[in-house]
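Each chain, letter by letter, is given below.
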Amino acid sequence: EAGVTQFPSHSVIEKGQTVTLRCDPISGHDNLYWYRRVMGKEIKFLLHFVKESKQDESGMPNNRFLAERTGGTYSTLKVQPAELEDSGVYFCASSPLTGTVGNSPLHFGNGTRLTVT
Amino acid sequence: AQSVAQPEDQVNVAEGNPLTVKCTYSVSGNPYLFWYVQYPNRGLQFLLKYITGDNLVKGSYGFEAEFNKSQTSFHLKKPSALVSDSALYFCAVGATNYGQNFVFGPGTRLSVLP
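Residues numbered from 1 in each chain as written. Chains lettered and ligands numbered in written order. Predicted model: local features only at pLDDT ≥ 70, side-chain atom pairs only at ≥ 80, totals over all residues. Heavy atoms only, no water.

1. Some words on the pairing of strand S8 (residues 64-68) of chain B
Residues and elements named next belong to chain B. Note: strand S7 (residues 56-58) against S8, three bridges, orientation antiparallel. Each residue of the ladder has a partner; that of Leu 56, found in S8, is Glu 66. Counting the residues between successive antiparallel strands, the hairpin from S7 to S8 contains five residues, one of them, Tyr 61, with a positive phi of roughly 60°. For S8 and strand S9 (residues 73-78), the ladder comprises five bridges, and the chain directions are antiparallel. Considered in S9, the bridge of Ala 65 is made with Leu 76. In textbook terms, the turn of a hairpin is the stretch between consecutive antiparallel strands, and for S8 and S9 this stretch comprises four residues, one of which, Thr 72, has a positive phi near 45°. (Pairing = 2+ DSSP bridges. Helix = DSSP H or I, 4+ residues; strand = E, 2+ residues; numbered from the N terminus.)

2. Details of the nonpolar core
Core analysis: the biggest nonpolar cluster contains 27 residues, and B:Trp35, B:Leu47, B:Leu48, B:Phe74, B:Leu76 and B:Tyr89 have the highest contact counts within it. A total of four residues in this core trace back to one element, the largest contributor, which is strand S10 (residues 87-94) of chain B. Here B:Leu48 is in contact with B:Leu33, B:Phe34, B:Trp35, B:Val57, B:Lys58, B:Gly59, B:Phe63, B:Glu64, B:Ala65, B:Phe74 and B:Leu76, once residues within four sequence places are set aside. Counting 21 residues, the second-largest nonpolar core is a separate cluster that includes A:Val19, A:Phe65, A:Ala82 and A:Tyr90. (Core = buried A, V, L, I, M, F, W, Y, C linked by side-chain atoms within 4.5 Å. Buried < 20%, exposed > 50% of the residue type's maximum accessible area, 1.4 Å probe, protein only. Contact = heavy atoms within 4.5 Å.)

3. Things to note about the state of the cysteines
Residues and elements named next belong to chain A. Within the structure shown, the criterion is met by two disulfides over all chains. Each sulfur in the disulfide pair Cys 23 and Cys 92 lies 1.8 Å from the other. On the S-S bond that ties Cys 23 to Cys 92, the torsion sits near -60°, and the link is left-handed. Here Cys 92 lies in strand S9 (residues 88-95) and Cys 23 lies in strand S3 (residues 19-24), a separation of 69 residues in the sequence. Taking relative accessible area as the criterion, Cys 23 reaches 0% and is therefore assigned buried. (Disulfide = S-S within 2.5 Å.)

Set out below in C-alpha cells:
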C-alpha cells in the first residue's frame, strides 16, 4: 500500500510569493488532515477534511491559507502571499473513516519544509 | 480543550538501559492516547495507542506505554534502548467526539548513546 505522499519535499520562496503544497492520502482514506510544525515547536492542527468537505478548519492561521480537496482525493494547501512566520514543516496525514475519528491512528507524509525568506 | 505536555525536551540514555519518555494530558471525557516517532526527514510513524482496556499497551519496535488515569499520564517505555531508537517522539491525544482533531505534544528528542 502506498503511503501518504507530499510534494514538494522542500520549498524556498520569498516573502510575498505564493506556494502550493500537495498531499496525496492513502487510497480510500476519507479523513485528511493538515498540520504544521514551526521552528521545532509543537505540531499544530490546521484543518481536517472528510472526503471533500472541510470538517474543521479552526486551526487555519488566517485567510492567506487556502486548502482544497476537490473530489475527495488529493488536497492542496496554498499560502498567498507568504510571510516569514509561515516557515516550517507542513505535514499531511490521513486515516480511514470510522465511527470515531479520535481513535484511528494517523498516517503521515514526510512533510514539506517551507522556508520563506 | 485538550492539551498534551512532554516535560522533557531531551532524554539521553545509554544503549541497553531502560528508557522512559514522559507524557501527561488534559482532556474532557475518555482519552484516546497515541505515541508517534519521527526519524530525520521522515513523517511521523505510529507506535502505539491506548483506547480502552489494559493500562499497559505494547507497540512497535519493543515499545510500550502505561496509561495512568489518576496521574493523567501516558509514559512511553522500552526495557533496553537501541542506538537506532534515537529520534523525536510525540505524544498525542485524540478526540472523544467525532469531528475534533488530534492534539500533539511538543516532542521529546531521545538520544541513545553507544
